[in-house]
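Summary of structural features
One-letter residues, chain by chain:
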Amino acid sequence: MRILAVARMALSELVERRIVAILGVGVAVFIALSAWGFSRIPTFQNRDGTSIGHAAQLLAASSILTFVMFLFLFVYAMGVAFLAASAIATEVESGLALGILSRPILRVEYIGGKWLGVCFAVLLGALPSVTLEFLVVFWTTGYMPPHPLAALASFAVFGMLVATLALALGTRFGALASAIVGTFGFGLEWIAGITERLGVQWGNDGLANVATAIGLALPTDSYWRAAQWAVQPSVITAAFNTRDAYAKAGPLAGALPPTVAMMLLTALWFLAVLILAMRGFAHRDL
Amino acid sequence: MLSAEPAILTTGLAKSYGATIAVRDLTLRVERGDVFGFLGPNGAGKTTSVKMLVGLVRPSGGHAALFGKPVDDRRIRTRIGYLPELFRYQEWARARDVLRFHGRLIGLEPRAIGREIGRVLDLVSLTERAADRVGSFSKGMQQRLGIATALLGAPDLVFFDEPTSALDPIGRRDVREIIRRIKSEGTTVFLNSHLLTEVAEVCDHVAIVDKGAVIIAGTIDEVAGTARAVRMRLVGDQARIDATLSPFGLVSRSDDWTTVTGVAAERVPAVIDALVAVGIRVYHVEPKVATLEERFLSFVGETR
């Protein structure tokens, strides 16, 4: 299977270039530092010197975990964008693709193989580190997110969305430009998500609709929200059990799970972006 | 089973990028088992032509077939090897990993891949460096690896785009040996090179292209041997020498030597007779067949 040969080579590159090792060390440092931080939560005290209590500790742990996850997600999105953008663009720019694509491999298979390799790397980067972070938080504070598997899945989809966009751009543009646009896209969608909720909160339908439309172009924010929902305590989710209540609570408040429609749209988004990239690349002169 | 169609057959092959015409009208026939030299100045459309033949660039017009199959039929690419002009391989990978990857792309059986890697590495004298990273290779060694990659799976047709550009004289000699060896095994070689002496040494047929079209094609003798000259050392009145020689061809002078271009070998005695008849003393006569390089320069010069 030529598609698997390409995917395998893409993964080998990450290992041989020591990207996996460097990321592993980075994640280990990140988790060690956050473990130290979370271990301080049980020592939090009220002004009178008494303990803040178990319930407050759990709430603090969930809030800080959400914040830590957001920071992690931002770095993760940038890393994924640069990794995915270079997968094809660098090989085309350097001339490496000439030797590969003169072989009996369809360009669809080449893109498919690269996409599989990059997605596998994205999952390999996200899933163990997020799982470890959850376990560290649980061991240090006793807090376990109510939907850990959903959080992992949301992270995975988020990473794959950014990776797919950057990789697709890399079939047409240079590596750096594709990575920057991929990162910019994620940032734009995050702002669009906040804007949408501000629009709802202020009763400004026009603002909300524009932000929703922007959000559909790259549904990363929905999966950030989904991850947030999966991590936040069930009591917060219960407080925002309607979209109105959720929206009115403010742009940075708790979240709701993604709808089935959003998941279908995401599947269509992957399909459409990959087909567009494959069609464009199939006609590109190298 | 491949048919007895020519290895390469193009008819009016063309490629343009907007208003820029890279290849205007390439009509070419390369027989199976031939070593075919593809010559032309920079910007003549050679690399674009090769890229169209290996499926990297889509033609704007015309037709191209390899062994009777259209170039966009990917099955035919299982029997083709290609060394790009700007060769580049995964620097982080070991030589044998690069070859294994290409073996998988060709569709070789896992057991055959190991055997093939050993064969082609031996062919390019890189066996000792099989486990070394490509990044540690010199440019010449990377070019050898590129040649090994192109020869993986014993293709029926190999495109070499400037295969010796990074090689020293020993490396160039080795490449000539490799070309002769794979030719003896029945492989067709399409050699795109600027090194005309190299082309003259190994090629059966050549084509000179310029401005995206073939100017002349044929055997080396047909292309180079049609223009002849005679080089002489003469003593006598210069005006009388010029007047005597100019009816025979184009007269040029360098140091003590006088050359008349366009003189067939059988007419050389008549040239000498004419000089002696007017009192010119003839010290040295050297009939000369034009080299491929001279012929190339004269053809390309004519179109510029």
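Conventions adopted
- Residues numbered from 1 in each chain as written.
- Chains lettered and ligands numbered in written order.
- Predicted model: local features only at pLDDT ≥ 70, side-chain atom pairs only at ≥ 80, totals over all residues.
- Helix = DSSP H or I, 4+ residues; strand = E, 2+ residues; numbered from the N terminus.
- Buried ≥ 20, exposed ≤ 12 C-beta atoms within 10 Å, placed from the backbone.
- Contact = placed C-beta atoms within 7 Å.
- Nonpolar A, V, L, I, M, F, W, Y, C, P; charged D, E, K, R; others polar.
- Axes fitted to C-alpha atoms, helices over the stretch in contact; angles between N-to-C directions.
- Parallel < 35°, antiparallel > 145°, perpendicular 65-115°, else oblique.
- Left-handed = near helix turned anticlockwise from the far one by under 90°.
- Pairing = 2+ DSSP bridges.

Residues and elements named next belong to chain B. Phi at Ser125 takes a positive value of approximately 60 degrees, unusual for a residue other than glycine. With respect to the secondary-structure elements, Ser125 resides in the loop between helix 3 (110-123) and helix 4 (139-151). By the C-beta count within 10 Å, which is 15 here, Ser125 ends up partly exposed. With a phi angle near 50 degrees, Lys211 is a residue other than glycine that sits in the positive phi range. On the neighbour-count criterion, Lys211 (18 C-beta atoms within 10 Å) is partly exposed.

Attention now moves to the interface of chain B and chain A. Facing 24 residues of chain B, the contacting portion of chain A comprises 21 residues. Taken together, the residues of the side of chain B that touches chain A sort by class into 12 nonpolar, six polar and six charged.

Once that is clear, we can look at the packing of helix 6 (residues 148-170) of chain A against helix 12 (residues 260-282) of chain A. Geometry of a packed helix pair, given as the angle between the helix axes and the separation of the axes. Residues and elements named next belong to chain A. Where helix 6 contacts helix 12, the two axes come as close as 9 Å, and the packing angle between them is 20 degrees. Relative to helix 12, the element helix 6 is oriented roughly parallel. Helix 6 and helix 12 meet at a crossing whose hand is left-handed. Contact residues: Val157, Thr164, Leu165 and Ala168 in helix 6; Thr266, Phe270, Val273, Leu274, Leu276 and Ala277 in helix 12.

Let's shift gears to the pairing of strand 8 (residues 188-192) of chain B. Both faces of the sheet carry side chains from a regular strand, because those side chains alternate between them. All names here are of chain B. For strand 8, a buried count of five out of five residues is recorded, marking the element as mostly surrounded by other parts of the structure. Along strand 8, one buried face is formed by Thr188, Phe190 and Asn192 and the opposite face, lined by Val189 and Leu191, is buried too. Sheet topology places strand 3 (residues 35-39) next to strand 8; four bridges connect them, and they run parallel. When the bridges of strand 8 are listed, Gly37 appears paired with Leu191.

Interpretation note: all reported values are geometric properties and have no functional meaning in isolation.
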